[in-house]
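Chain and residue survey
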Amino acid sequence: MPFRQRERFERTDVPRYSPYRNAIAIGVLVAVGVLLVVLVSTLWAKAQKPISVGNESLSKSIQAQGQVTSPDGYTVSQDSFTNILVLTVDDVNAQSPKLTKAQILSLDATARKGTLVTIPLDAKVNDGKADVRLRDLYSGSGASACIVSLSKAANLRMTHAMLASDDVWDKIESYKGAGVSALLSHGADLLYSINTDMSTGDLMDVAELVQSIGVNNLKRMDAPASQEADGAGGSWSVLNSAQLGADIGIMVPAA
């Protein structure tokens, strides 16, 4: 009987050897490793980015403010006001953020209106020892030191204070109509843009009030001020606190 060559059948349950198998496996492992590194780096960066609410230093300065006095011919309005000192900086999360703008956001919850007042950075304030410019006080002593000094110069009691990026109110306005739940669930970017004495609840209350008034409906003005010689060959801005209070509506003509 002639020799019959045995037929060979490939088994489908056994993987075929491929000379490229090791290279492919290594490539996949490298790709997965790169993705993991990117993912971990991104999450770590976000974890290191502070969500700065409830700043204790700012809160202590808020509590240290004195009482507001009524100028001649005026009395304090009975409306419910919230005054927020907003110090705009170049980078909220930097170790030493640079001050670029100072404003007071005054919200009248009773009349449902608000005023955003820009304070000159060369405004004359007193640090407890001498008269200095607002920007120099900030540079030398930080945001907390500005609260009491500016409160005295403006004759306004600050309800809250915050360091913020320039677009913070636009971010708040972008959530209009979405309610508090949307602010809490999608507002992480907002929280990363501020550093404030406010708790998250306080911030949500202010955000809702701003939304109800409308960012575009805020009255925007420069603080009334005059130039005065600083005694050193230069000059600084002296706030007219009586006119400022009247412009905002906190001070009303006495009956």
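Look up: the structure comes first, before these words.
Overview of the structure. Since we're looking at a predicted model, the values are computed, not measured. (Residues numbered from 1 in each chain as written. Predicted model: local features only at pLDDT ≥ 70, side-chain atom pairs only at ≥ 80, totals over all residues. Heavy atoms only, no water.)

1. As for the sheet that holds strand β9 (residues 219–222)
Taken together, six strands build an open sheet; the order of strands is β8-β7-β2-β3-β4-β9 and the sheet is mixed. The sheet terminates laterally at β8 (194–196) and β9, the two strands that pair on one side only. Strand-to-strand, the axes of this sheet are offset by a mean angle of 20 degrees, without reference to chain direction. Sheet strands touched by helix α3 (residues 134–141): β2 (81–89), β3 (99–108), β4 (113–119) and β7 (160–164). Its angle to β3, the strand with the most contacts, is close to 105 degrees. Packed onto the sheet, helix α8 (residues 200–213) meets β2, β3, β4, β7 and β8 and runs at close to 75 degrees relative to β3. (Pairing = 2+ DSSP bridges. Helix = DSSP H or I, 4+ residues; strand = E, 2+ residues; numbered from the N terminus. Axes fitted to C-alpha atoms, helices over the stretch in contact; angles between N-to-C directions. Contact = heavy atoms within 4.5 Å.)

2. Examining the pairing of β7
With respect to burial, β7 is a largely interior element, five of its five residues being buried. A two-sided burial pattern is seen for β7, the buried positions comprising His 160, Met 162 and Ala 164 on one face and Ala 161 and Leu 163 on the other. As defined by bridge partners, β7 adjoins β8 across three bridges and the pair is classed as antiparallel. Among the inter-strand pairings, Met 162 is bridged to a residue of β8, identified as Thr 196. (Buried < 20%, exposed > 50% of the residue type's maximum accessible area, 1.4 Å probe, protein only.)

3. Some remarks on the pattern of salt bridges
The tally for this structure, following the rule as stated, stands at five salt bridges. Between Lys 124 and Glu 228 there is a salt bridge, with the nearest N and O atoms lying 3.0 Å from each other. Of the two residues, Lys 124 is situated in strand β5 (residues 124–126) and Glu 228 in strand β10 (residues 225–229); the sequence distance between them amounts to 104 residues. Residue Lys 124 is classed as partly exposed on the basis of its relative accessible area, which comes to 24%. Using a relative accessible area of 32% as the deciding quantity, one classes Glu 228 as partly exposed. A salt bridge links Arg 133 to Asp 230; its shortest N-O distance comes to 2.6 Å. With Arg 133 in strand β6 (residues 131–133) and Asp 230 in the loop between β10 and β11 (235–239), this pair connects stretches of sequence that are 97 residues apart. Of the two residues, Arg 133 and Asp 230, neither departs from the other in class, the shared state being buried. (Salt bridge = Lys/Arg side-chain N within 4 Å of Asp/Glu carboxyl O.)

4. Here's the deal with helix α4 (residues 143–154)
A rise of 1.5 Å per residue sets the reference length of α4, with its twelve residues, at 16 Å; its end C-alpha atoms lie 16 Å apart and thus fit the reference within 8%. Judged by how many residues are buried, α4 sits mostly within the fold: nine of twelve residues are covered. Turning to α4, its buried residues are Ala 143, Ser 144, Cys 146, Ile 147, Val 148, Ser 149, Leu 150, Ser 151 and Ala 154. Just downstream of α4 lies Asn 155, where phi reads positive at about 55 degrees. (Expected span 1.5 Å × (residues − 1).)

5. Digging into the packing of helix α2 (residues 56–63) against α4
Helices that pack against each other are described as a pair by the angle of their axes relative to one another and the distance between those axes. Here α2 crosses α4 at 15 degrees, and the two axes come no closer than 9 Å. The orientation of α2 relative to α4 falls into the category roughly parallel. The two elements α2 and α4 cross, and the hand of that crossing is right-handed. Residues Ser 57, Leu 58, Ser 61 and Ile 62 of α2 touch α4, and the partners they reach there are Ala 143, Ser 144, Ile 147 and Val 148. Among the residues making up the contact of α2 with α4, the classes are represented as five nonpolar, three polar and no charged. (Parallel < 35°, antiparallel > 145°, perpendicular 65-115°, else oblique. Left-handed = near helix turned anticlockwise from the far one by under 90°. Nonpolar A, V, L, I, M, F, W, Y, C, P; charged D, E, K, R; others polar.)

6. Overview of the environment of Gly 66
Tracing the sequence through the fold places Gly 66 in the loop between α2 and β1 (74–76). Along the sequence, Gly 66 and Val 148 sit 82 residues apart, while their C-alpha atoms lie 7.7 Å from each other.

7. A word on the packing of α3 against α4
It is at 7 Å that the axes of α3 and α4 come closest, and there the two elements cross at 145 degrees. Regarding α3 and α4, the two cross each other, and that crossing is right-handed. Contacts between α3 and α4 pair Leu 134, Leu 137, Tyr 138 and Ser 141 from the former with Ala 143, Ala 145, Cys 146, Ser 149 and Leu 150 from the latter. Each residue belonging to the contact of α3 with α4 can be placed in one class, and the counts come to seven nonpolar, two polar and no charged.

8. Describing the nonpolar core
Judged by nonpolar contacts, the single largest core of 34 residues is most densely connected at Leu 85, Leu 87, Ile 119, Tyr 138, Leu 150, Leu 156 and Met 158. Considering every element that reaches this core, the biggest residue donor is α4, with five residues. Beyond its immediate chain neighbours, meaning those up to four positions away, Tyr 138 contacts Leu 87, Val 89, Pro 97, Lys 98, Leu 99, Ala 143, Cys 146 and Leu 163. Judged by nonpolar contacts, the second largest core, of 21 residues, contains Val 86, Met 162, Val 168 and Val 206. (Core = buried A, V, L, I, M, F, W, Y, C linked by side-chain atoms within 4.5 Å.)

9. Here's the deal with unusual backbone geometry
We note that Arg 112 has phi near 55 degrees; this positive angle belongs to a residue other than glycine. Looking at the element boundaries, Arg 112 is found in the loop between β3 and β4. With a phi close to 55 degrees, Asn 155 is a non-glycine residue in the positive phi region. Structurally, Asn 155 is set in the loop between α4 and β7.

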